[in-house]
Amino acid sequence: MKVSTRVEYGLIALTDIAIYCENGLSVSAPDIAARQNISHKYLEHILLLLRQAGFIKARKGLKGGYILSRALEEIKLSDVLDALDNSILAEMDDEGIEDGLGPVINDCFWGKINFQLKKYTESLTLDKFVEECKGNAPDGWDMYVI
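Residues numbered from 1 in each chain as written. Predicted model: local features only at pLDDT ≥ 70, side-chain atom pairs only at ≥ 80, totals over all residues. Heavy atoms only, no water.

*Asks:* Explain the environment of Thr5 to me, please; I cannot follow it from the model alone.
*Replies:* Looking at where Thr5 falls in the secondary structure, it is placed in helix 1 (residues 5-20). Residue class for Thr5 comes out partly exposed when judged on its relative accessible area of 38%. If we skip the residues at most four places from it in the chain, Thr5 touches Gly10, Tyr42 and Ile46. (Helix = DSSP H or I, 4+ residues; strand = E, 2+ residues; numbered from the N terminus. Buried < 20%, exposed > 50% of the residue type's maximum accessible area, 1.4 Å probe, protein only. Contact = heavy atoms within 4.5 Å.)

Shown next as structure tokens:
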């Protein structure tokens, strides 16, 4: 499955913030961009989307940056995906496919895949996702906060 870089980087940025903003510390956009090898300018656009959706808050000042605006367990990945690209979990559309096997294949294959993806992302919260990411991280991967 292919997703846009906006979705991919948005999920990476939100996960980075969740990992590095422990104890109420804010995470700066330049730090996220450097750690995750994402263009700072593009990241700022993505962070704006995440902020508008209510997942993160911006802090101003010397120790400014971004923090989560809700608890990790209150953020569903389905909501994050919808905020970044509302077409990923959208219902299948048979428009333009009226004859032959097209509608049947949409129902029997794509519709079922979409249903499972939606069901999975609705049950997955950011706290579970972050823990899974930490568990799958390569040995020696830095995840400590200074």
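*Asks:* Mind showing me how you'd approach the pattern of salt bridges here?
*Replies:* Where charged atoms from two side chains of opposite charge approach closely, those side chains can pair. Following the criterion strictly, the structure yields two salt bridges and no others. A salt bridge links Arg35 to Asp16; its shortest N-O distance comes to 2.7 Å. Placement of Arg35 in helix 2 (residues 29-36) and of Asp16 in helix 1 is noted, with a sequence separation of 19 residues between them. Since its relative accessible area comes to 34%, Arg35 is described here as partly exposed. One salt bridge connects Lys134 with Glu131, and the closest N-O pair in it is separated by 3.9 Å. Of this pair, Lys134 and Glu131 both sit in helix 6 (residues 126-136), separated by three residues, roughly a single helical turn. (Salt bridge = Lys/Arg side-chain N within 4 Å of Asp/Glu carboxyl O.)

*Asks:* Where do I start with the nonpolar core in this structure?
*Replies:* What tends to happen in soluble globular proteins is that the nonpolar side chains get buried as a cluster. In this structure, Leu14, Ile17, Leu47, Leu50, Ile56, Leu68 and Leu126 are the most contacted members of the largest nonpolar core, which totals 32 residues. Listing elements by their share of this core, those giving two or more residues are helix 1, helix 2, helix 3 (40-52), strand 2 (65-68), helix 4 (77-84) and helix 6. At seven residues, helix 1 tops the list of elements feeding residues into this core. Non-local contacts of Leu50, meaning those with residues more than four positions away in its chain, are made with Gly10, Ala13, Leu14, Phe55, Ile56, Val80 and Leu84. (Core = buried A, V, L, I, M, F, W, Y, C linked by side-chain atoms within 4.5 Å.)

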